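# Structure at a glance
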Amino acid sequence: MATPHISANKGDIAETILLPGDPLRAKFIADTFLEDVVQFNGVRNMFGYTGTYKGKKISVMGTGMGVPSIGIYSYELIHFYGVKNLIRVGSCGAIQKDLKLYDVIFGIGASTNSNYAHQYNLPGTYSATASWELLEKAKKVADKKGTHVTVGNILSSDTFYTEDTTEVETWAAMGVLAIEMEAFALYCNAARAGVNALAILTVSDSIVNNEVTTAEEREKSFTKMMEIALELA
Ligand code: HPA
């Protein structure tokens, strides 16, 4: 049974899924790391694939950019396809000076300027957090591989181009590490459904040090993050 945005049948999608923003990165991950790959979605070119990694069934699918887009896809994956572990693998802009290009970040929490959580009618401010189970497992994998990771709070912003020029330093003053645009919605959907989510990010640009990566550099450096995420199957 298809959903409005995913054309897969029940059982086509693994319990663990990697979620890059870019659907072509989903294709890259499937082509590079997975065996016995079957494409389960092509609706809106939001490519999704299921295959095996070291013998374990795992899926990968694009989410598009921003809270509304990942909100839709992750909701359907959880509620219509029974996905239990959702791991965002994305890029972020660092807002702390000591973070370097290609550094890997685990978002233990996601702050936001989005209204996504208003749908729950909570009488206060919700702290969206990663699944401890996934976070702990991912940290152990990173340690074993000798990959340095920084674990902390990230900002899921509704805007990439932001008129408020003080925003970055205000969030940085609260210890927020980096800005991306999706983790908050993913963490909310997972929490509400009682499943696991984690955002693993690679620093693609530094907003405070004014550094950017090239497309080619990103391709190579993202491999470190993928290899951690794939071990979570
Ligand atoms: N802002 C928001 N999302 C991002 C950024 C950024 O600077 N870099 C990579 N993803």
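Definitions and cut-offs
- Residues numbered from 1 in each chain as written.
- Predicted model: local features only at pLDDT ≥ 70, side-chain atom pairs only at ≥ 80, totals over all residues.
- Heavy atoms only, no water.
- Buried < 20%, exposed > 50% of the residue type's maximum accessible area, 1.4 Å probe, protein only.
- Helix = DSSP H or I, 4+ residues; strand = E, 2+ residues; numbered from the N terminus.
- Arc of directions from axis to C-beta.
- Polar contact = N/O pair within 3.5 Å; in protein donor to acceptor, adjacent residues only side chain to side chain.
- Near = heavy atom within 4 Å.
- 1 Å grid on protein atoms, 1.4 Å probe; cavity = no way out; pocket = protein on both sides within 12 Å on 5 of 7 lines; lining within 4 Å.
- Sits in = over half its atoms within 2 Å of the grid points.
- Pairing = 2+ DSSP bridges.
- Contact = heavy atoms within 4.5 Å.
- pLDDT = per-residue confidence, 0-100.
- Salt bridge = Lys/Arg side-chain N within 4 Å of Asp/Glu carboxyl O.

## A short note on helix α1 (residues 23-33)
Inspection of α1 places P23, R25, A26, I29, A30 and F33 among the buried residues, and these make up the whole buried set. Here the buried residues of α1 occupy an arc of 155° about the axis, which is enough to place them on one side. When the buried face of α1 is taken as reference, the exposed residues oriented beyond 90 degrees from it are L24 and D31. The backbone nitrogen of L24 has a side-chain oxygen 2.8 Å away, supplied by the residue at the start of α1, namely D22.

## Description of the site of the ligand
In the vicinity of the ligand, the contacting residues are S91, C92, G93, F160, I179, E180, M181, S204, D205 and I207. One nitrogen or oxygen atom from the main chain of G93 is found 3.3 Å from a nitrogen atom belonging to the ligand. Here a nitrogen atom of the ligand and a side-chain polar atom of D205 are 2.9 Å apart. Applying the majority rule of atoms within 2 Å of the grid points places the ligand in the largest pocket. Contributions of two or more residues to the shell around the ligand are made by β5 (85-94), β9 (178-180) and β10 (196-206).

## So, the pairing of strand β6 (residues 104-112)
Taken across its 9 residues, β6 has 8 buried, putting it largely inside the fold. As defined by bridge partners, β6 adjoins strand β8 (residues 149-156) across 8 bridges and the pair is classed as parallel. Paired with T112 across the strands is S156, a residue of β8. By the bridge criterion, 3 bridges tie β6 to β10 in an arrangement that is antiparallel.

## So, the environment of T3
When you line up the elements, T3 lands in the segment before β1 (16-19). Through-space distance from the C-alpha of T3 to that of A138 is 30 Å; in sequence the pair is 135 residues apart. T3 has contacts with E76, F80 and Y81, leaving out every residue within four places of it along the chain.

## Considerations on the confidence of the model for the protein chain
The predicted model of the protein chain averages 96 in pLDDT, with 99% of residues at 70 or higher. The lowest-confidence element of the protein chain is helix α6 (residues 215-230), averaging 85 in pLDDT; the highest-confidence one is helix α5 (residues 183-193), averaging 99.

## Focus: the pattern of salt bridges
Side chains that differ in charge, positive against negative, can pair when their charged atoms come close. In total, this model carries 6 salt bridges according to the counting rule given. For the salt bridge of K27 with D31, the shortest nitrogen-to-oxygen distance reads 2.8 Å. Residue K27 and its partner D31 are both found in helix α1; the two are separated by 4 residues, about one turn of the helix. Under the relative-accessibility criterion, K27 is labelled partly exposed at 34%. Take D31: its relative accessible area is 53%, and that puts it in the exposed class. One salt bridge connects K140 with E136, and the closest N-O pair in it is separated by 3.8 Å. Of this pair, K140 and E136 both sit in helix α3 (residues 132-145), 4 residues apart, which is roughly one turn of the helix. Three or more residues are tied together by salt bridges with common partners; here these are R88, E180 and E182.

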